[in-house]
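# Descriptive structure summary
Residues per chain are reported as follows:
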Amino acid sequence: MVETRFEELAEVCEKLVILSGRKDKVSQVARFLKRLDSKEAPAAALLLIGRALPEGSEKKLEVSFATLMDLLEDSSQSLLSSEEPPTILEVSSTLKRIAEISGPSSRSRKMALLRSLIMRMSELERKWLFKQIIGEMQHGVNEGVLLEALAELTGANLKSVQRAYMLLGRLDELVKIAKEGGREALEKVKLKIFNPLRPMLAEICNDVDELLKDIGGSVAFEYKFDGARVQIHMKDGVVKIYSRRLNEVTESIPDVVKQVKDGVKGVKEIVLDGEVIAVDRDGKPLPFQELLRRFRRVRGVSEKIEEIPLKLQVFDILYLDGVELLDKPYEERWKILSEKVDAKLLAPRIITSDPKMVKNFLEKAIEEGHEGLMAKRLDSPYRPGRREKLWLKIKPAENLDLVIVAADWGYGRRTGWLSNYHLAAYNPRTDGFEVVGKTFKGLTDEEFELMTKKLLQLKLSDDGYTVRVKPEIVVEVAYNEIQRSPKYRSGYALRFARITRIRSDKSPREADTIDKIRELYLKQFRRKGSLTEDFLSSRR
Ligand code: AMP
């Protein structure tokens with residue numbers, strides 16, 4: 001096979017920038033994938049949407065803007081004409097190798113590998129390689145466009161492509177199957193044990209009364225635990241556990257493995273969804289940060305089991321003994337779940353249509369140290385990777401997950417730290433990030449120091465006052481109100497924003513979107529409006 005050059009990918013990216021319609025972008029991507037070999041297409045698809053590394057990879061490129069600038073400077077000479085330009089597969093494998101490099105002198109080793117590529121690249125190829133590394137392609141092609149392109153390429157309907165992706169959890173796998181087996185193979189994709197799928201996500205619920213009115217019947221309300229999402233696969237007594245980002249974490253949490261083995265009996269194969277929380281000796285939940293300390297640990301696991309015990313709480317079942325349960329309604333899944341899993345492991349829940357009962361249950365959850373409640377529609381299927389209104393989180397305070405895109409140098413007590421963080425929401429249409437507020441509140445001194453170090457590694461530019469960084473760090477931000485604001489291009493600003501935790505389990509594209517902010521703003525407006533009315537009517 002003659003390998004396709006990276007140059008072709010760069011040219012397609014240029015065309016994508018010019019095309020304005022989504023349909024045209026889809027067709028352009030489909031045509032490009034069509035002409036590639038089935039070995040090249042998966043790598044090309046990832047590169048096309050600015051994700052050099054496949055899902056489930058723990059590694060990061062960790063190449064800063066400064067490194068790229070240094071490289072550009074010493075390779076400003078013209079192309080080495082004697083050498084062949086790099087191919088798509090070569091760029092992809094080099095980027096993977098770069099991500100593997102860590103430890104002493106890693107910067108220079110990463111630079112050497114990058115240099116070997118860019119010395120053989122044209123201006124255009126360099127431009128798109130750099131955009132790739134920075135993670136901002138800005139040509140309007142995201143995961144959704146790619147899925148549509150695969151549907152166009154294979155003639156499969158979009159729903160079956162989306163479903164295959166949900167079950168596989170990996171885009172490169174999906175593209176490979178589409179190229180090798182076409183529509184038929186995509187339609188045949190099945191949930192496989194030890195092959196984690198993307199977890200179902202939840203929307204924010206602003207108003208329980210409204211929710212109950214909308215649904216017009218009973219809804220299930222479960223405790224919302226402040227922990228880490230886990231997907232548990234068990235076959236013939238072998239247990240493997242995966243994180244929200246589909247990394248295997250079994251080894252770090254043997255105590256959870258034991259809880260699964262003790263609490264799930266009489267099944268051959270099972271896939272469960274749940275949350276792991278850290279608890280103190282009396283079983284009371286501990287803050288999320290404690291839990292992270294356990295999850296990162298590979299060595300010295302046994303000492304930590306004593307110090308920070310973990311508790312598993314299961315709330316869904318996706319598969320049982322050869323039968324996929326995703327399309328079964330929530331109620332039916334819970335019935336199966338409660339037959340197979342020890343009640344001790346199951347999330348406490350109520351089913352009700354009475355707002356008062358919800359309020360009491362929410363208070364109980366908070367009192368016991370949990371985050372809030374999760375409302376789930378009784379008729380809802382399990383939709384992997386989807387954030388829809390089938391699950392709704394109810395928390396007492398409003399939170400958003402935002403991405404740090406820049407930070408100001410601190411002064412006074414915070415001199416030497418990057419302390420005022422520019423917080424941005426994700427815009428899926430432009431695949432960019434839009435600032436909605438700034439804050440220096442919420443971190444401890446120790447966290448400021450760590451954050452400064454992390455941000456400097458992601459530095460894109462520094463004008464002495466503000467450091468712009470690659471959008472990578474996601475933080476949970478509590479706020480009091482969303483306002484319209486001409487100050488930011490997004491048009492919105494958060495009032496009294498403060499960082500409540502660092503969401504190292506989330507990638508920047510999983511942050512809350514600008515659309516959600518707009519929606520929250522409107523809801524809040526309505527709610528406040530009605531509150532004012534209540535107030536006024538009580539005064540009459
Ligand atoms: P958030 O991360 O704020 O978008 O909230 C969704 C997360 O809440 C899920 O990804 C789970 O990790 C977690 N969670 C805690 N309790 C539950 C529950 N009972 N059902 C579903 N998710 C839960």
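Residues numbered from 1 in each chain as written. Predicted model: local features only at pLDDT ≥ 70, side-chain atom pairs only at ≥ 80, totals over all residues. Heavy atoms only, no water.

## Here's the deal with the sheet that holds strand 7 (residues 323-324)
The strand order 4-3-5-6-7 describes an open sheet built from five strands, whose pairing is antiparallel. Edge positions in the sheet fall to strand 4 (238-243) and strand 7, since each has one partner strand and no second. In terms of strand pairing, strand 3 (residues 228-235) meets strand 5 (residues 269-278) through eight bridges, oriented antiparallel. Directly across from Q231, in strand 5, lies its bridge partner D273. (Pairing = 2+ DSSP bridges. Helix = DSSP H or I, 4+ residues; strand = E, 2+ residues; numbered from the N terminus.)

## Structural notes on the sheet that holds strand 9 (residues 372-376)
Pairing between sheet strands relies on hydrogen bonds along the backbone, with the strands arranged either parallel or antiparallel. Here we have five strands laid out as an open sheet, ordered 1-10-9-2-8, and mixed in their pairing. Edge positions in the sheet fall to strand 1 (201-204) and strand 8 (349-352), since each has one partner strand and no second. The average undirected angle you get between the axes of adjacent strands in this sheet is 40°. For strand 2 (residues 219-224) and strand 8, the ladder comprises four bridges, and the chain directions are antiparallel. When the sheet's bridge partners are listed, F221 is paired in strand 8 with I350. (Axes fitted to C-alpha atoms, helices over the stretch in contact; angles between N-to-C directions.)

## Topic: the domain arrangement of the protein
For the protein, the domain assignment lists domain 1 (6-187), domain 2 (201-394) and domain 3 (399-539). Here the C-alpha centre of domain 3 lies 29 Å away from the C-alpha centre of domain 1. Counting from both sides, the interface comprises eleven residues of domain 1 and, opposite them, eleven residues of domain 3. Of the roughly 1,100 Å² buried where domain 1 meets domain 3, counting both sides, 46% is carbon and sulfur surface. Looking at the side of domain 1 facing domain 3, the largest losses of area belong to F65, I134 and E136, adding up to 33% of the total buried there. Viewed at the interface, domain 3 and domain 1 are joined by two residue pairs in polar contact (both at pLDDT 80 or more). Looking at the side of domain 1 that touches domain 3, the elements with two or more residues in it are helix 4 (65-74) and helix 7 (123-134). Here the side of domain 1 that touches domain 3 is composed, by residue class, of four nonpolar, five polar and two charged. (Domains from an automatic or database assignment. Contact = heavy atoms within 4.5 Å. Buried area = accessible area lost by both parts, 1.4 Å probe. Polar contact = N/O pair within 3.5 Å; in protein donor to acceptor, adjacent residues only side chain to side chain. Nonpolar A, V, L, I, M, F, W, Y, C, P; charged D, E, K, R; others polar.)

## Description of the pairing of strand 12 (residues 418-427)
In terms of residue burial, strand 12 counts as a mostly covered element, since ten of its ten residues are buried. In terms of strand pairing, strand 11 (residues 399-409) meets strand 12 through six bridges, oriented antiparallel. Across the sheet, the residue bridging to D408 is N420, located in strand 12. When strand 12 meets strand 13 (residues 432-439), the two strands line up antiparallel, connected through seven bridges. For N427, the partnering residue across the bridge sits in strand 13 and is G432. (Buried < 20%, exposed > 50% of the residue type's maximum accessible area, 1.4 Å probe, protein only.)

## Considerations on the packing of helix 1 (residues 6-18) against helix 2 (residues 22-35)
Orientation of helix 1 relative to helix 2, taken along the N-to-C sense of each, is 170°, at an axis distance of 10 Å. The angle between helix 1 and helix 2 places the two elements in the roughly antiparallel class. Of helix 2, the residues touching helix 1 (which contributes E8, L9, V12, K15, L16 and V17) are K25, Q28, V29, F32 and R35. Of the residues belonging to the contact of helix 1 with helix 2, the class tally is six nonpolar, one polar and four charged. (Parallel < 35°, antiparallel > 145°, perpendicular 65-115°, else oblique.)

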